[in-house]
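Secondary and tertiary structure notes
For reference, the chains in residue letters:
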Amino acid sequence: MEAQTGMRVNTVTQPYWDGVEQGKLMLQHCSACGAYQYYARPLCAKCHAAEPEWREASGNGVLYSYSVVSRGPSPAFQAIVPYVTAIVELEEGPRMFTNIVDADPESLRVGEPVSVVFREGPEGLRLPYFRPAGA
Amino acid sequence: MATNPKVAIAGVGEARGGRATGKTTVQLYAEAFLDLLGDCPIDPASIDGVLTSSPDAEPHHMFSTWLTEYLGLRPKFTSAVQMGGATPHSNMALAAALVESGRCGAVMVADGDNRATKFSRKDKIQAMSSQVGHLSSIEPPHEFDGPYGPTAPALYGMMATRHMYEYGSTPEQFARIAVAFRAHGAPNDGGCGARGAKKGRGHRRKPVTVEDVLASPMIAWPLHRDECALISDWGTAILVTTPEYASELRRDPVYLLGLGQAHQGYNPYQAPSITSFPISESADDAFAAAGISRDEVDVLELYDSFTSTAMVTLENMGFCGAGEGGAFVEAGYIDLGGSLPTNTHGGLLSYNGGHGHFIVEATRQLRGECGERQVAGAKIAVSQGTAALASSSITLVLGT
Ligand SMILES: [Zn+2]
């Protein structure tokens, strides 16, 4: 199964990657305990109820932490250094690993609001990224 | 103090690691094994447990069984464990359980890899990622982080960034940790880099200042090169047995007084906090089991993959309060001569990027063999292993 060129999906992750194609950030939500979770799993890791449902996230969050990479792990990433790896805490609660785009790394501040944007990345994949809110 | 230790370390060994050009991984294991036999006169036929890592540079199917064949051992129990930087600590816990239960009489905890000479430059950067499992890959199960170009320095850089945000710690304070460990590693021409190998090769044995550290190339802001672990070749071997047998083999066995473990997951973005980890739980359990308080610790050997790892570990272990790590290291407590000499061999930042040397050094400190880096009268040494950022924590309390 391929959601897009190069990205293999599986039965659990399919709705997430379908959302990315449509410009929607999808999160799993547990109807038993109310928890949201990222990344996709066949169960709620909090209360262990099976088959969490999918909901569209607001796409808003805050910058939990970040680092500015000078040595990339592959030629594709080495070509775009310096780039910003980050953990974003979503409004719904879960945190996700991402990159911050459209920002001068030196202007970033932990705790600042960020919002999702969908882009094609250095390896040619369409992915959710985050940028400072209002950027 | 625990009055009746049930598990002892009867011997330790190290390969001539560092940059061991021309040597294979299993050869490094063999060198460590031979060094162990020189340290402790055990009949190899008596070694009935063999625990190893799962090496990265030269992976081998069923590595530990192959190693037993290579070394001519025939154990009752063997396994190859994968616990990142805490692999030898994890194997120490398993060895202790095997010895305590009577299932094994003498267990060798061996560790080694060929990361300096068998990884290409690209592999090294990827390996630095895979040390915490984050290969740059778009394939499951890495599809939720791999496409964003993570590296190990970036993940631990985020740890430092968050620490600075929460507590106001400074780049100078992080750098001060590298200064301490480089000073400790400078005179250490022990197993790695000395005997046979070109002295200091593949090692950072030149003492540095805070300014030097901050002037070294930026790898992943806020972490500089001199704040990142060495990528090394290494081999280590530790013999774990009963106190009775250890006393027959050596006049100065070292005892495992306490042990604690805690594991909360794997991915940094799944951790409840990236400055506060279950290190506190494993340390509490280990100190309670040993019946000691923190101020009784004479020597601390902690996993220092990055300066941020060391900062957070000092705090989470309870040697200082949350956010007090910066002031703690600047006051010199972790220096040789301080109240908590830490990474007396130089650690991953100065001595060798291998994971087993912390336990080897703790043992040697307790035996009083460390020459100019010896902590006078050391009776309690703690070896702290962490992995998966620091979501896995294993604490060993050793004593005489
Ligand atoms: Zn639930």
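This structure is a prediction, so every number in the text was calculated from the model and none was measured.

1. A look at the overall build of chain B
Of regular secondary structure, chain B possesses 14 helices and 11 strands. Expressed along its principal axes, the backbone C-alpha trace of chain B runs to roughly 55 × 45 × 40 Å. Out of the 400 residues in chain B, the part that is buried amounts to 63%. Long-range contacts, defined as pairs at least 24 residues apart, comprise 77% of the intrachain contacts of chain B with a sequence gap of at least 6.

2. Thoughts on the overall build of chain A
Assigned secondary structure in chain A consists of two helices and 10 strands. In chain A, the succession of α and β elements from N to C terminus is β-β-α-β-β-β-β-α-β-β-β-β. Expected size for 135 residues packed as a compact globule is a radius of gyration near 14 Å; at 15 Å, chain A falls within 12% of this value. For chain A, the C-alpha atoms occupy an extent of roughly 40 × 35 × 25 Å along the three principal directions. Counting across all 135 residues of chain A, residues that qualify as buried make up 39%.

3. Quick word on the domain arrangement of chain A
Residues and elements named next belong to chain A. For chain A, the assigned domains are domain 1 (1-56) and domain 2 (58-135). Each of domain 1 and domain 2 has a C-alpha centre, and these two points are 20 Å apart. Taken together, the contacts link 12 residues of domain 1 with 13 residues of domain 2. For the side of domain 1 that touches domain 2, the per-class residue count stands at six nonpolar, five polar and one charged.

4. A short note on the interface of chain B and chain A
At the junction of the two partners, chain B supplies 28 residues and chain A supplies 30 residues. Take the side of chain B that touches chain A: its biggest share by element is six residues, from helix H6 (residues 152-167) of chain B. Taken together, the residues that form the side of chain B that touches chain A break down as 17 nonpolar, seven polar and four charged.

5. Considerations on helix H3 (residues 87-100) of chain B
All names here are of chain B. With 14 residues, H3 extends 20 Å between its outermost C-alpha atoms, agreeing within 8% with the 20 Å of an ideal straight helix rising 1.5 Å per residue. Of all 14 residues that make up H3, 10 are buried, and the element is covered over most of its length. By the burial criterion, the buried members of H3 are Thr87, Pro88, His89, Ser90, Asn91, Met92, Ala93, Ala95, Leu98 and Val99. At the C-terminal side of H3, glycine 102 shows a positive phi close to 80°.

Conventions and cut-offs
- Residues numbered from 1 in each chain as written.
- Chains lettered and ligands numbered in written order.
- Predicted model: local features only at pLDDT ≥ 70, side-chain atom pairs only at ≥ 80, totals over all residues.
- Helix = DSSP H or I, 4+ residues; strand = E, 2+ residues; numbered from the N terminus.
- Buried ≥ 20, exposed ≤ 12 C-beta atoms within 10 Å, placed from the backbone.
- Contact = placed C-beta atoms within 7 Å.
- Rg over C-alpha atoms; globule rule 2.2 N^0.38 Å.
- Domains from an automatic or database assignment.
- Nonpolar A, V, L, I, M, F, W, Y, C, P; charged D, E, K, R; others polar.
- Expected span 1.5 Å × (residues − 1).

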